[in-house]
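Given next are the chains, with one letter for each unit.
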Amino acid sequence: MVGPPPESWAIEPELTRTFDIAPGLWSLRLPLPWHTITHVNAYAIERDDGIVLVDCGSAGDASNRDALEAALGQAGFAIEDVRVLVGTHTHSDHVGLAAWVIERSGAEFWMHPDTGHFYDGTREPARIAAARERRSRQEGVPEDLLELYADVREETDGVLAATSPDHPLAGGVTFTSKLGDWEVVETPGHCPTHVCLVQRDRNLIILGDLVAVAFAPWFDYGYSADPVAEYLESLDAIEALGPFALALPGHGRPISDLPEAIALHRRGVAERLEQTLAAVAAGPTGAYELTHRVFGDIDDHAAVWKMTELFAYLKHLRRAGEIARDEAADGTFSYRVVG
């Protein structure tokens, strides 16, 4: 359940910023149209014949293309200099412009192939909208809000096309740059396609949306057995590869103390699981009511995203045997503490 799109996909390209991270490595801060997520970080990595571009920002409006061109220009490059486009994961703010970048540059597209978690909505919007509406009704969403919860416009408008990779990423795959080779590490949890990119010679890591300076989680739901467990395992895997001199997230500033940031995210997940369990213990009900018990007074749009996050916690607690889900005769769900 991805949630409703922004009011407008238009952004202000003049807010774009480019930062030198290391010789041959630039962070491209691209504005986003979301109220709660103001920007996404793409990365330009120099190679002998041009650049590797890691992520490329959202689609939805021509101003997003202008922002990417402006950011590359500040680093001394153009779209036509992109030789390889790498997607850290298949979400609109990271690969929305992939089709345009590839068309303009002729770049190869490297990304994890398990893209159904997002592209199903792009390719089959009616089916996914119907599935979301059905599940939302089962979870107690009021009839007048079902259209909001069934919305698929992020998948249809936030990306130009369901662009499949021509170089599927898997753990251990590498690509070259002037800084040396970058190694792919699979880190699912945030979503099934998520990867991190490690440059061992300089102790650098591009994190995608695995970790940021603040705990603001998102878990795609319905495409893996336990997104929360996967996420915690991915945190363990990245921490074991360190230490890193610098970690480069998909949102927010660079992270100099990655172990501290990882600990923050572990604590955040543990607290959300505790809050979810307490909400269920307050009395059996569906995920709609539980979302408001856990997250308090939130608006209808935010509640869609938060219910998706809550689904992941409920699934994790069910698999751990701490809660159970019951289905009533009318098909509605309720959750209860076991024992």
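Refer to the structure presented above.
All of the points below concern the structure found in this document. Computed from a predicted structure; not experimentally measured. (Residues numbered from 1 in each chain as written. Predicted model: local features only at pLDDT ≥ 70, side-chain atom pairs only at ≥ 80, totals over all residues. Heavy atoms only, no water.)

For the protein chain, the helix and strand inventory stands at eleven helices and 14 strands. In terms of overall dimensions, the protein chain has C-alpha extents of about 65 × 40 × 30 Å along its principal axes. Classification of the 339 residues of the protein chain by burial places 55% in the buried group. Counting every atom, the protein chain has about 13600 Å² of accessible surface; 49% of that belongs to carbon and sulfur. Charge separation in the protein chain, taken as the distance between the mean sites of 27 positive and 53 negative side-chain charges, equals 3 Å. (Helix = DSSP H or I, 4+ residues; strand = E, 2+ residues; numbered from the N terminus. Buried < 20%, exposed > 50% of the residue type's maximum accessible area, 1.4 Å probe, protein only. Areas by Shrake-Rupley, 256 points an atom, 1.4 Å probe, with all protein chains shown as cover. Lys, Arg positive; Asp, Glu negative; His and termini not counted. Charge placed at Lys NZ, Arg CZ, Asp CG, Glu CD.)

Now for the sheet that holds strand E2 (residues 25–31). The sheet built from seven strands is open, its strands ordered E1-E2-E3-E4-E5-E6-E7 with mixed pairing. In the strand order of this sheet, the two ends are held by strand E1 (17–22) and strand E7 (167–168), each with one partner. Pairing geometry for strand E4 (residues 50–54) and strand E5 (residues 82–86), over four bridges, is parallel. For Ile51, the partnering residue across the bridge sits in E5 and is Val82. (Pairing = 2+ DSSP bridges.)

Turning our attention to helix H5 (residues 125–138). Here H5 spans 20 Å end to end across 14 residues, near enough to the 20 Å set by a 1.5 Å rise per residue. Considering only its buried residues, H5 is in contact with helix H4 (116–123), helix H6 (146–149), helix H7 (153–157), helix H11 (300–319), strand E13 (323–327) and strand E14 (333–337). Trailing H5 by a residue or two, Gly140 shows a phi angle of about 90°, which is positive. (Expected span 1.5 Å × (residues − 1). Contact = heavy atoms within 4.5 Å.)

Below, the discussion takes up the state of the cysteines. Using the criterion set out here, one finds zero disulfides in the structure. The closest cysteine sulfur to the non-disulfide-bonded Cys191 is located on Cys196, 11 Å from its own sulfur. (Disulfide = S-S within 2.5 Å.)

Before going further, it helps to spend a moment on the nonpolar core. Judged by nonpolar contacts, the single largest core of 48 residues is most densely connected at Tyr149, Ile205, Leu207, Val211, Ile238 and Leu258. Within the residue set of this core, elements represented by two or more residues are H6, strand E10 (195–199), strand E11 (204–208), helix H8 (227–241), helix H9 (258–281), helix H10 (287–295), H11 and E14. For this core, the element with the most residues is H11, which contributes ten residues. Setting aside chain neighbours within four positions, we find Ile205 in contact with Cys196, Leu197, Val198, Ile238, Phe244, Leu246, Ala247, Leu248 and Leu258. Within the second largest apolar cluster, 32 residues are counted, among which are Trp26, Ala59, Ala75 and Val82. (Core = buried A, V, L, I, M, F, W, Y, C linked by side-chain atoms within 4.5 Å.)

What follows is about the pairing of E10. The buried count for E10 comes to five of five residues, which makes it a mostly enclosed element. Inspection of the sheet shows E10 paired to E11 by three bridges, in the antiparallel sense. Directly across from Val198, in E11, lies its bridge partner Ile205. Between E10 and E11, which pair antiparallel one after the other, the connecting turn spans four residues, and Asn203 there sits at a positive phi close to 55°.

A separate point is the pattern of salt bridges. Tallied over the full model, the rule gives 19 salt bridges. Put simply, Arg137 and Glu143 hold a salt bridge, and the shortest N to O gap is 2.9 Å. Residue classification places Arg137 among the partly exposed positions, given a relative accessible area of 35%. Judged by its relative accessible area of 55%, Glu143 is exposed. In this structure, a network of salt bridges that share partners links the residues Glu69, Glu80 and Arg104. (Salt bridge = Lys/Arg side-chain N within 4 Å of Asp/Glu carboxyl O.)

Time to look at a negative patch on the surface. On the surface, Asp144, Asp297, Asp299 and Asp300 cluster together to form a negatively charged patch. For Asp299, the location among the structural elements is in the loop between H10 and H11. (Patch = residues over 30% accessible without salt bridge, like charges linked within 9 Å, V, L, I, M, F, W, Y side chains within 5 Å.)

This next bit is on unusual backbone geometry. Across residues other than glycine, the phi torsion is negative in most instances, and most of the peptide bonds are trans. Between Gly242 and Pro243 the backbone carries a cis peptide bond, its omega angle lying at 5°. Within the element layout of this structure, Pro243 appears in the loop between H8 and strand E12 (246–249). Phi at Asn203 takes a positive value of approximately 55°, unusual for a residue other than glycine. Structurally, the position occupied by Asn203 is in the loop between E10 and E11. Take Asn203: its relative accessible area is 35%, and that puts it in the partly exposed class.

On to the packing of H9 against H10. Angle between the axes and distance between the axes are the two parameters that describe a pair of packed helices. With their axes 9 Å apart at the nearest point, H9 and H10 run at an angle of 125° to one another. Overall, the two elements H9 and H10 adopt an arrangement that is oblique. The handedness of the crossing between H9 and H10 is right-handed. Residues Arg272, Gln275, Thr276, Ala279 and Val280 of H9 touch H10, and the partners they reach there are Leu290, Arg293, Val294 and Phe295. Along the lines of polarity and charge, the residues of the contact of H9 with H10 split into five nonpolar, two polar and two charged. (Axes fitted to C-alpha atoms, helices over the stretch in contact; angles between N-to-C directions. Parallel < 35°, antiparallel > 145°, perpendicular 65-115°, else oblique. Left-handed = near helix turned anticlockwise from the far one by under 90°. Nonpolar A, V, L, I, M, F, W, Y, C, P; charged D, E, K, R; others polar.)

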